[in-house]
Amino acid sequence: MPTILGQNQYGKAENRVVKITRDGATHHIKDLNVSVALSGDMDEVHYSGSNANVLPTDTTKNTVFAFAKEHGIESAEQFGIHLARHFVTSQEPIHRARIRIEEYAWERIETSDANSRFIGADEVKHSFVRRGQETRLTQVTYDGERWEVISGLKDLVVMNSTNSEFWGYVKDEYTTLQEAYDRILATEVSGRWRFNWTDDEQKMPHWEKSYEQTKKHMLQAFAETYSLSLQQTLYQMGARIINNRGEIDEVRFSLPNKHHFLVDLEPFGLKNDNEVYFAADRPYGLIEATILRDGCEARIPVDMTNL
């Protein structure tokens, strides 16, 4: 045979599941986009078309919705763990399951107070507005023995309107960029972090608290770093997470530099004292790096944060 089969996987991608938890009149929402990828003893389906070892992708879709009912959705990570464990332990041909989840956040709409003329307005606890800051992410992988959980976020846009410089860089015959000693630093954060929880004997992290605290430390580092380069800020963001969250061993960021250029207003007889900027859409500088706990190996794929 002149060819052989290489890495392969299959599953149902982008299953949108919304779980409403009703606590009396108070409702809670979990809104997930779940993608399942399974691999294992799948040579024959590729070579001969035999489906004897194939769990239909439609079944994986149904499992996602059934598990939302049976297990609830405590967190994206916990839901992914339930699914991965099920596929690997219930189907002998399946040796590895990877669950990727995007979570879309909702927040409760604040309604009128108890003195409102609208009857019952103070009792409305079932109305929500989609939160637009970021999309939460997780990837859970299980091979029957070891777990790998990589969580993160994307589409989180942040800006420092000062305390950022960029100068002292290499210049050649093609360099036109002027040195900046007071500039806007803005980026759209795509980040992933890998947990050191790998087997069922270990204490499982508190996934919701971990996400909240990781995001907090990341944003505080962005705000509190006097930046001489976006690379420096990126490193401080990752280091702050590693130093404050013992459950995380590795962080990887992809940070596009959302350039803001001063507009030349002199043709109009106006002085632009770092007040009016043109926000450039593209091209943009793209800064990417991994930050590790000392002694740990990098395992987050380098292309995972910038697909």
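Higher on the page you've got the structure.
How each quantity is defined
Each chain has its residues counted from 1, running along the sequence as written. Where totals are concerned, whole chains, interfaces and linings use all residues; where local detail is concerned, this predicted model gives features only for residues with pLDDT of at least 70, and gives and counts side-chain atom pairs only at 80 or more. Side-chain metrics rest on all non-hydrogen atoms present in the structure, leaving aside hydrogens and water. Orientation is described by lines fitted to C-alpha atoms, with helices fitted over the stretch in contact, and by angles between N-to-C directions that extend from 0 to 180 degrees. Think of it this way: any DSSP run of H or I at least four residues long counts as a helix, any run of E at least two long counts as a strand, and we number them from the N terminus. An angle below 35 degrees is read as roughly parallel, one above 145 as roughly antiparallel, one from 65 to 115 as roughly perpendicular, and any other as oblique. The sense of a crossing depends on the near helix, which, turned anticlockwise from the far helix by less than a right angle, makes the crossing left-handed and, turned clockwise, makes it right-handed. In this analysis, two residues are considered to be in contact whenever any of their non-hydrogen atoms come within 4.5 Å of each other. Residues are grouped as follows: nonpolar covers Ala, Val, Leu, Ile, Met, Phe, Trp, Tyr, Cys and Pro; charged covers Asp, Glu, Lys and Arg; every other residue, Gly included, is treated as polar. Strand pairing is assigned whenever DSSP identifies at least 2 bridges connecting the two strands.

Asks: I'm lost on the packing of helix H2 (residues 57–70) against helix H3 (residues 76–90) in this one. Help?
Replies: Packed helix pairs are characterised by how far apart their axes lie and by the angle those axes make with each other. Two elements in contact, H2 and H3, have axes separated by 11 Å at closest approach and are oriented at 130°. With respect to H3, the axis of H2 lies oblique. Considering the relative orientation of H2 and H3, their crossing is right-handed. In this structure, H2 contributes Thr-60, Thr-63, Val-64, Phe-67 and Ala-68 to the contact, and H3 contributes Phe-79, His-82, Leu-83, His-86 and Phe-87. Along the lines of polarity and charge, the residues of the contact of H2 with H3 split into six nonpolar, four polar and no charged.

Asks: Just checking my understanding: could you explain the sheet that holds strand E7 (residues 147–160) for this structure?
Replies: With antiparallel pairing, eight strands are arranged side by side in an open sheet as E1-E2-E3-E6-E7-E8-E9-E12. Single-partner strands in this sheet number two, and they are strand E1 (15–23) and strand E12 (285–292). Neighbour-to-neighbour, the strand axes of the sheet open up by a mean angle of 20°, direction not taken into account. In the sheet, strand E6 (residues 135–142) pairs with E7 via eight bridges, with the strands oriented antiparallel. Residue Val-140 lies in a different strand from E7, and its bridge partner there is Val-149. In the packing of H2 onto the sheet, contacts are made with E1 and strand E2 (26–40), and the angle to E1 comes to roughly 15°. Of the strands in this sheet, E2, strand E3 (94–104), E6 and E7 are in contact with H3, which crosses E3 at around 160°.

Limitation: the analysis is restricted to geometry and does not speak to function.
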